[in-house]
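# Secondary and tertiary structure notes
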Amino acid sequence: MSEFDFDLFVIGAGSGGVRAARMAAATGMRVAVVEDRYMGGTCVNVGCVPKKLFVYASSYSEMFEDATAFGWQGQGGAQFTWPTLRDNNAKEITRLNGIYRKLLGNAGVTVIDGRGKLTGRQQVTVGDTQYSAERILVATGGWPYVPEFPGSEHVITSNEVFSMEAFPKRVLVVGGGYIAVEFAGIFAGLGAETHLSYRRDLFLRGFDNDVRHFVRDEIAKKPVQLHFQHQVASIEKAPDGSLRVQDSDGGVLEVDAVLYATGRKPNTRGLGLEELGVVLQKDGTIGIDDNFRSSVTSIYALGDVTGGPELTPVALAEAMALVKHWQTGKTAEIDYNNIPTAVFCQPNIGTVGLSEEEARQAGIPVAIYRSDFRAMRHSVSGRDERTLMKLVVDTSNDRVIGAHMVGPDAGEIIQGIAVAMKAGATKTVFDQTIGIHPTAAEEFVTMRTPVAE
């Protein structure tokens, strides 16, 4: 008999924690998972899943407008009803919560509801109950960060936006990353007067500069008012519930809601990590070695809480690598190169590999292929929306080292290209591939002349 209650105790039932728990249980380990709020994690409850459902909802307004040019009449009278979307989304999330709980149960994992705290190097306390475990895995993810300023208590974050009691007629979104640009499009598409505020000169830092400029210009065509070099100084709440937002230059904006999407921080508060001697980085993330082990040998961590790429598929891959390491004793193998990602702003962004700037800064000799065109659908709809496609090619070996797209279904298209890039596809291979006509995707295999070298 083991001296411990469990072989593995996982704190956090998000994507990485659930995957690690299920896989470990499949190897015969006795596993427990504790979760106090979001069964299935941020992605399922207040992240990628509901966000994309809201993107779908917000896209219908343009679809109704475009339909007229294709012969459909009477589409202009459609009205958006917030409670329907909000409540149907809640039902779907509840369904997914149940699926995750069932998956864990079917795998033989013990699910514990509550807030887990490390009270020993091999001990977790939930409420008044203590559990011992040979290994403890921290997979608690991140939490929205809102800076403190006068009136900051009046803002909402991505945690609350999906369950708002009423839909705001006027909204300010603050931030310059994925969540900010996505929700600016969502609010605008659903009919709100929408403002997007960012403290720098251009959002989506870290993406290819062509993509950033192109998306800025496309979003500006939407009913989204962009405010760059803009800093919120204070927010005052009026008796009618509206918010008076004053910026650092003295300007005032009257809105009904302010959504802060200014980044996320590790959700480690109150876990007891520091008391046990677990080393945390300056940004609060848990320091780990190549096998996801912290400075305390019995405590492991993975996913957003470790400061790596904050993407659900990355957490899943890390979980599988960690369990394989426990099985084989070999170093966990994770390839963080060429991780594809999508931003569901409108139009969408899909990207994989190096940006042009990253390639040049690394001293790689490159040829740049770029195409900017109006999608076939809009040749009839008349909508002023364009698509961008771009390839970054290493001229020393002809390999495609970056692929970037802005346009409808960009994530779907880039996923396939990511497979080709993982396989080492060259520009010659792209050129020899016969395109699917008529599609936007065929443009990736018909760009022949570089625009820059």
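The rules we used
- Residues numbered from 1 in each chain as written.
- Predicted model: local features only at pLDDT ≥ 70, side-chain atom pairs only at ≥ 80, totals over all residues.
- Heavy atoms only, no water.
- Helix = DSSP H or I, 4+ residues; strand = E, 2+ residues; numbered from the N terminus.
- Contact = heavy atoms within 4.5 Å.
- Polar contact = N/O pair within 3.5 Å; in protein donor to acceptor, adjacent residues only side chain to side chain.
- Buried < 20%, exposed > 50% of the residue type's maximum accessible area, 1.4 Å probe, protein only.
- 1 Å grid on protein atoms, 1.4 Å probe; cavity = no way out; pocket = protein on both sides within 12 Å on 5 of 7 lines; lining within 4 Å.
- Points joined across faces, edges and corners; volume = space filled by probe spheres on them.
- Nonpolar A, V, L, I, M, F, W, Y, C, P; charged D, E, K, R; others polar.
- Disulfide = S-S within 2.5 Å.
- Salt bridge = Lys/Arg side-chain N within 4 Å of Asp/Glu carboxyl O.
- Phe/Tyr/Trp six-rings, centres within 6.5 Å; stacked < 30°, edge-to-face > 60°.
- Lys NZ or Arg CZ within 6 Å of the ring centre and 35° of its normal.
- Pairing = 2+ DSSP bridges.
- Axes fitted to C-alpha atoms, helices over the stretch in contact; angles between N-to-C directions.

Next up on the list: the environment of D7. Within the secondary structure, D7 sits in strand β1 (residues 6–11). Placed 275 residues apart in sequence, D7 and K282 show a C-alpha to C-alpha distance of 31 Å. Residues in contact with D7, not counting those within four places in the same chain, are S2, G28, M29, R30, E134 and R135. Of the polar contacts made by the side chain of D7, one reaches the backbone nitrogen of R30; its length is 2.7 Å.

Along the chain, Q346 connects to P347 via a cis peptide bond; the corresponding omega equals 5°. Mapped onto the elements of the fold, P347 is located in the loop between β17 (341–343) and β18 (349–353). Here the residue pair H437 and P438 is connected by a cis peptide bond, since its omega of -5° sits within 30 degrees of zero. Position of P438 relative to the elements: it lies in the segment after α11 (427–432). One non-glycine residue, Q229, lies in positive phi territory at about 50°. Along the chain, Q229 turns up in the loop between β10 (224–228) and β11 (232–237). Under the relative-accessibility criterion, Q229 is labelled exposed at 51%. Here the phi dihedral of F292 falls at roughly 65°; this positive angle occurs in a residue that is not glycine. By secondary structure assignment, the location of F292 is in the loop between β15 (264–266) and β16 (299–301).

Let's shift gears to the layout of surface pockets. Approximately 470 Å³ is the volume attributed to the second largest pocket. Lining the second largest pocket are 19 residues, with K265, P266, N267, T268 and R269 positioned closest to its centre. When contributions to the lining of the second largest pocket are tallied by element, the ones reaching two or more residues are β7 (142–144) and β15. Tallied by class, the residues present in the lining of the second largest pocket amount to seven nonpolar, five polar and seven charged.

Two cysteines, two sulfur atoms, one covalent bond between them: this is a disulfide. This structure, assessed with the given rule, holds one disulfide. Note that C43 is cross-linked by a disulfide to C48, the S-S spacing being 2.0 Å. Its S-S torsion of about -135° marks the bond between C43 and C48 as left-handed, since a negative value means left-handed. Taking relative accessible area as the criterion, C43 reaches 13% and is therefore assigned buried. What makes C48 partly exposed here is its relative accessible area of 31%.

One pass over the structure, following the stated rule, counts 26 salt bridges. For R377, the salt bridge identified is with D66, shortest N-O distance 3.5 Å. Of this pair, R377 sits in helix α9 (residues 376–381) while D66 sits in helix α3 (residues 48–67), placing them 311 residues apart in sequence. Among the residues examined, R377 registers a relative accessible area of 42% and is labelled partly exposed. A salt bridge links K422 to D335, with the nearest nitrogen and oxygen atoms 2.8 Å apart. Note that K422 is positioned in helix α10 (residues 410–422) and D335 in the loop between α7 (312–328) and β17, a separation of 87 residues in sequence. On the accessibility criterion, K422 (42% relative accessible area) is partly exposed.

All right, on to the packing of aromatic side chains then. Remark: the centre distance and the inter-plane angle together describe each pair of aromatic rings, the angle taken between the planes. Within the structure shown, the criterion is met by 16 aromatic pairs. With a centroid separation of 5.9 Å and an interplanar angle of 35°, the aromatic rings of F167 and F187 are classed as tilted. Of the two residues, F167 is situated in the loop between β7 and β8 (170–174) and F187 in helix α5 (residues 178–189); the sequence distance between them amounts to 20 residues. Relative accessible area serves as the criterion here: at 2%, F187 is assigned to the buried category. In this structure an aromatic cluster arises from ring pairing among F54, F80, W82, F162, F167, F183 and F187. Positioned above the aromatic ring of Y369, the side-chain terminus of K427 is 4.3 Å from the ring centre.

Another point: the sheet that holds β17. What the five strands build is an open sheet, ordered β17-β18-β21-β20-β19; its pairing is antiparallel. The sheet is open, and its two borders are formed by β17 and β19 (366–374), each paired with just one other strand. Each adjacent strand pair in this sheet contributes to an overall mean axis angle of 15°, direction not counted. The pairing of β19 with strand β20 (residues 386–394) spans nine bridges and is antiparallel. Among the inter-strand pairings, Y369 is bridged to a residue of β20, identified as L391. Taken strand by strand, α10 contacts β17, β18 and β21 (399–406), and its axis lies near 175° from that of β21.

The values are spatial; any link to function lies outside them.
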